[in-house]
Amino acid sequence: TLSEHFYLNPSYLSSLFCQKTGKTISNYIKDVRMEQAKKLLLDSKLSISEIAERVGYQNYRYFCKLFKSEFHQPPLSFRINQPAGRAEERKEERV
């Protein structure tokens, strides 16, 4: 576990993490996964279920529920509603 890796008590690690980031460890991980899912939706042609698995969710429906609660629209709607050329703009920003 994370606490064992850093030789810290789990409760202390959670408290310290929350103090430094303003988020619980679970919420931080969820946020990172959701941001990665957004990138995959914009930059790939992977199916929604493949994206869910790639970001760490085995349950497709649960992933869709979390995504919708985070971004106020389901993953497919998010992908469809992005302006044309958005993926190309993002690639140019990375260069």
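Residues numbered from 1 in each chain as written. Predicted model: local features only at pLDDT ≥ 70, side-chain atom pairs only at ≥ 80, totals over all residues. Heavy atoms only, no water.

**Q** Explain unusual backbone geometry here, please?
**A** Comment: phi is negative for the bulk of residues other than glycine, and the bulk of peptide bonds are trans. For tyrosine 7, which is not glycine, the phi dihedral falls at a positive 55°. Even without glycine at this site, histidine 72 takes up a positive phi of about 65°. Note that histidine 72 resides in the loop between α5 (60–71) and α6 (75–80). Overall, the relative accessible area of 69% leaves histidine 72 in the exposed class. (Helix = DSSP H or I, 4+ residues; strand = E, 2+ residues; numbered from the N terminus. Buried < 20%, exposed > 50% of the residue type's maximum accessible area, 1.4 Å probe, protein only.)

**Q** When you look at the nonpolar core in this model, what are you seeing that I'm missing?
**A** Within soluble globular proteins, side chains that are nonpolar generally end up buried alongside one another. In this structure, Met34, Ile51, Tyr57, Phe63 and Phe67 are the most contacted members of the largest nonpolar core, which totals 17 residues. Apart from the residues within four sequence positions on either side, methionine 34 is in contact with Tyr57, Phe63, Leu66, Phe67, Glu70 and Phe71. (Core = buried A, V, L, I, M, F, W, Y, C linked by side-chain atoms within 4.5 Å. Contact = heavy atoms within 4.5 Å.)

**Q** I keep staring at the packing of helix α3 (residues 25–43) against α5 and nothing clicks. Help me out?
**A** The description of two packed helices rests on the angle between their axes and on the distance between the axes. Put simply, α3 and α5 touch, their axes get as near as 11 Å, and they point 95° apart. By the angle class used here, α3 and α5 are roughly perpendicular. Within the contact between the two elements, α3 uses Lys30, Asp31, Met34, Glu35, Ala37, Lys38 and Leu41 and α5 uses Phe63, Leu66, Phe67, Glu70 and Phe71. Class assignment for the residues of the contact of α3 with α5 results in seven nonpolar, no polar and five charged. (Axes fitted to C-alpha atoms, helices over the stretch in contact; angles between N-to-C directions. Parallel < 35°, antiparallel > 145°, perpendicular 65-115°, else oblique. Nonpolar A, V, L, I, M, F, W, Y, C, P; charged D, E, K, R; others polar.)

**Q** I'm lost on the environment of cysteine 18 in this one. Help?
**A** Within the secondary structure, cysteine 18 is located in helix α2 (residues 10–21). For the pair cysteine 18 and tyrosine 28, spaced 10 residues apart in sequence, the C-alpha to C-alpha distance is 9.4 Å. Residues in contact with cysteine 18, not counting those within four places in the same chain, are Lys23 and Thr24.

**Q** In this structure, what is going on with the packing of aromatic side chains? I would like to understand it.
**A** We describe a pair of aromatic rings using the distance from one ring centre to the other and the angle between the two ring planes. Evaluated as defined, the whole model comprises seven aromatic pairs. Relative to phenylalanine 78, the ring of phenylalanine 67 has its centre 5.5 Å away and its plane inclined at 75°; by these criteria the two rings are edge-to-face. With a gap of 11 residues between them, phenylalanine 67 in helix α5 and phenylalanine 78 in helix α6 connect regions that are remote in the sequence. Residues phenylalanine 67 and phenylalanine 78 agree in their burial class; the two are buried. Joined through ring pairs, the aromatic side chains of Tyr57, Tyr62, Phe63, Phe67, Phe71 and Phe78 make up one cluster. Between the NZ or CZ atom of arginine 33 and the centre of the ring of tyrosine 57, over which it lies, the distance is 4.8 Å. (Phe/Tyr/Trp six-rings, centres within 6.5 Å; stacked < 30°, edge-to-face > 60°. Lys NZ or Arg CZ within 6 Å of the ring centre and 35° of its normal.)

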